[in-house]
Amino acid sequence: MRGLIKRLLALAVVSAFAFGCAAPLPDIFWPEPPNQPRIKYITSYSSAKDLTGRSATSDLILGASATFRIRKPRGLDTTKDGKLYITDTAKGDVFIFDIANKKVTSLKKMGLRGLYKPIGVAIDATGRLFVSDSQSDRVHVVDPDGIPQDPLEPNIPFKQPTGLAIDMENQRLYVVDTHNHHIVVFDLETLEHLQTIGRRGDDEGEFNFPSNITIGANGKLYVVDTMNGRVQSFDKDGRFIMTFGEFGDIPGMFARPKGIAIDSENHIYVVDAAFNNVQVFNDEGQILMHFAKYGHDRGEMILPGGISIDDDDLIYVADSWNARVVVFEFMGDKYKEREKKGK
């Protein structure tokens, strides 16, 4: 055993030297030159070593259990203090990547049990955590210390709840109740059921297996109506505003729309698990561009799902098949301001 460890350590030194001498990889942008770049590939996270710098060799020496490794990421949310929350349907857990402090933990590590197939995740301003579980048909409520509270109780029992969104300004929590084909609205303070939006169908304001939701300016809701191949928007009171997209194979159309998020300039990002890309629309639903493609390499994805955009316009996408979260950056006003400051 001692000889094996020596050989592994020697291999680690050689690998470190080889990688240390390697030329840096080129940046990847969308659209490609000579067009003005709007999206930049940054990095990806698959385990704790992506934050701590621990090598694959040290994992062999210390044991794989010493690190947290994602297996099948699905839902994402980010917080103002630099934390990335990732639901993992294969491990029945929610990973917490503290990017600023280079630490990783999970709800199971914090002692929480009872998650089976976590899909959506959302965190309010107090650090309270909401997690939808499509196997147990529950939306769990967890306090900032990881202690479970009573789950949400809608007027009609959940049937495979999925996407979650929080509107802090209007103190609302939204739950996509996929197999009931509607959106359930709760008061964020009391957690009382306030309203139900939609029913099954393909008319305006109706849904066919909706999957994800996000909040835009003025509390506007954007819902991915997956099996109708479109996105629908509503005002903060649940009144229908517009719809965009349809099934098809050209830009602006969808095959299997999943995650949705909005950046600081009100661009709407929709993940498509069949196209293996992210399409970007303006706030009127007009297609602007798309980025990423099928594959395992940098800036590539297979069966992507959830998406979250933080306050700095960093874009996090759950790359399910590749067992990682891929990070991009919107090169808008916030990016330009950081460039001026040299950050």
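Just above sits the structure.
Throughout, residues of each chain are indexed from 1 in the direction in which the sequence is written. Side-chain atom pairs in this predicted model are given and counted only at pLDDT of 80 or more, local residue features only at pLDDT of at least 70, and totals for whole chains, interfaces and linings cover all residues. Hydrogens and water molecules were not included; the side-chain quantities draw on all heavy atoms of the structure.

Visitor: What exactly am I supposed to notice about the packing of aromatic side chains here?
Guide: What characterises a pair of aromatic rings is the spacing of the ring centres plus the angle enclosed by the ring planes. When the centres of two rings from Phe, Tyr and Trp lie within 6.5 Å, Trp using its six-membered ring, the rings pair. Their planes under 30 degrees apart give stacked, over 60 give edge-to-face, and anything left gives tilted. Using the criterion set out here, one finds 12 aromatic pairs in the structure. When the ring of Y45 is compared with that of F97, the centres are 6.0 Å apart and the planes differ by 45 degrees; the resulting orientation is tilted. With Y45 in strand β2 (residues 39–45) and F97 in strand β5 (residues 93–98), this pair connects stretches of sequence that are 52 residues apart. Considered together, Y45 and F97 belong to a single accessibility category, that of buried residues. Ring geometry for F207 versus F234: centroids 5.7 Å apart, planes at 50 degrees, classification tilted. Separated by 27 residues along the polypeptide, F207 in the loop between β13 (193–197) and β14 (212–215) and F234 in strand β16 (residues 230–234) bring together distant segments of the chain. With relative accessibility at 0%, the residue F207 sits in the buried group. Helix and strand definitions here come from DSSP, where helices need a minimum of 4 consecutive H or I residues and strands a minimum of 2 consecutive E residues; each element is numbered from the N-terminal end. Only protein chains enter the area calculation, which uses a 1.4 Å probe; residues under 20% of their type maximum are buried, those over 50% are exposed, and those in between are partly exposed.

Visitor: Sorry if this is basic, but what is going on with the sheet that holds strand β15 (residues 221–225) here?
Guide: Strands in a sheet are paired, the pairing made by backbone hydrogen bonds, and the direction either parallel or antiparallel. Think of it this way: DSSP has to see at least two bridges between two strands before they count as a pair. Spatial strand order, β14-β15-β16-β17: 4 strands in an open sheet with antiparallel pairing. Both outer strands of the open sheet, β14 and β17 (240–244), are each paired with one neighbouring strand and no more. Averaged over all pairs of adjacent strands, the angle between strand axes in this sheet comes to 20 degrees, irrespective of strand direction. The pairing of β14 with β15 spans 4 bridges and is antiparallel. Opposite N212, over in β15, you have V224 as the bridge partner. Lines are fitted to the C-alpha atoms to define the axes, a helix being fitted only along its stretch in contact, and any angle between axes, read from their N-to-C directions, falls within 0 to 180 degrees.

Visitor: Just checking my understanding: could you explain the layout of surface pockets for this structure?
Guide: Over the atoms, a rolling probe the size of a water molecule traces out where space has been left empty. In this analysis a 1.4 Å probe is tested at points of a 1 Å grid over the protein atoms alone, and where it fits but cannot get out there is a cavity; an open set with protein on both sides within 12 Å along at least five of seven lines is a pocket; lining residues have an atom within 4 Å of a point. Grid points are joined across faces, edges and corners, and a volume is the space filled by probe spheres set on the points. Taken as a whole, the largest pocket encloses approximately 1,200 Å³ of empty space. Taken together, 44 residues make up the lining of the largest pocket; nearest its centre are D77, T78, I166, I309 and D311. Among the elements of the structure, β3 (73–78), β7 (118–123), β10 (161–167), β14, β18 (257–262) and β24 (304–309) are those that each provide at least two residues to the lining of the largest pocket. Looking at the lining of the largest pocket, its residues break down into 18 nonpolar, 14 polar and 12 charged. In terms of lining, the second largest pocket is formed by 23 residues, of which the most central are R74, K117, I119, R256 and K258. If you list the elements that add at least two residues to the lining of the second largest pocket, you get β3 and β24. Throughout, the ten residues Ala, Val, Leu, Ile, Met, Phe, Trp, Tyr, Cys and Pro are labelled nonpolar, Asp, Glu, Lys and Arg are labelled charged, and all others, Gly among them, are labelled polar.

Visitor: So what exactly am I meant to see when it comes to the pattern of salt bridges here?
Guide: It is possible for side chains of opposite charge to pair when their charged atoms get near one another. Salt bridge, as applied in this entry: a Lys or Arg side-chain nitrogen positioned within 4 Å of an Asp or Glu carboxyl oxygen. This model, assessed by the stated rule, comprises 14 salt bridges. Between D311 and K80 there is a salt bridge; the shortest N-O distance is 2.8 Å. Here D311 is found in the loop between β24 and β25 (314–319), whereas its partner K80 is found in the loop between β3 and β4 (83–88), with 231 residues between them in sequence. What makes K80 exposed here is its relative accessible area of 76%. Residues joined in a network through salt bridges with shared partners are D235, K236, D237 and R239.

Visitor: Would you take a moment to explain the environment of K40 for this structure?
Guide: Relative to the helices and strands, K40 is located in strand β2. The spacing of K40 and W30 is 10 residues in sequence and 6.5 Å in space, taken between C-alpha atoms. Residues within four places of K40 in sequence aside, it is in contact with D27, I28, F29, W30, V327, F328, E329 and M331. The contact rule is simple, with two residues in contact once any of their heavy atoms fall within 4.5 Å.

Visitor: It is not clear to me how the sheet that holds β7 should be interpreted in this structure. Could you clarify?
Guide: Strand order in this open sheet of 3 strands is β7-β8-β9, and the pairing throughout is antiparallel. Pairing within the sheet leaves two strands with one partner each, and these edge strands are β7 and β9 (138–142). Neighbour-to-neighbour, the strand axes of this sheet turn through a mean angle of 20 degrees, independent of strand direction. Relative to β9, strand β8 (residues 129–133) runs antiparallel, the two being bridged by 5 bridges. Within β9, the position partnered with L129 by the bridge is V142.

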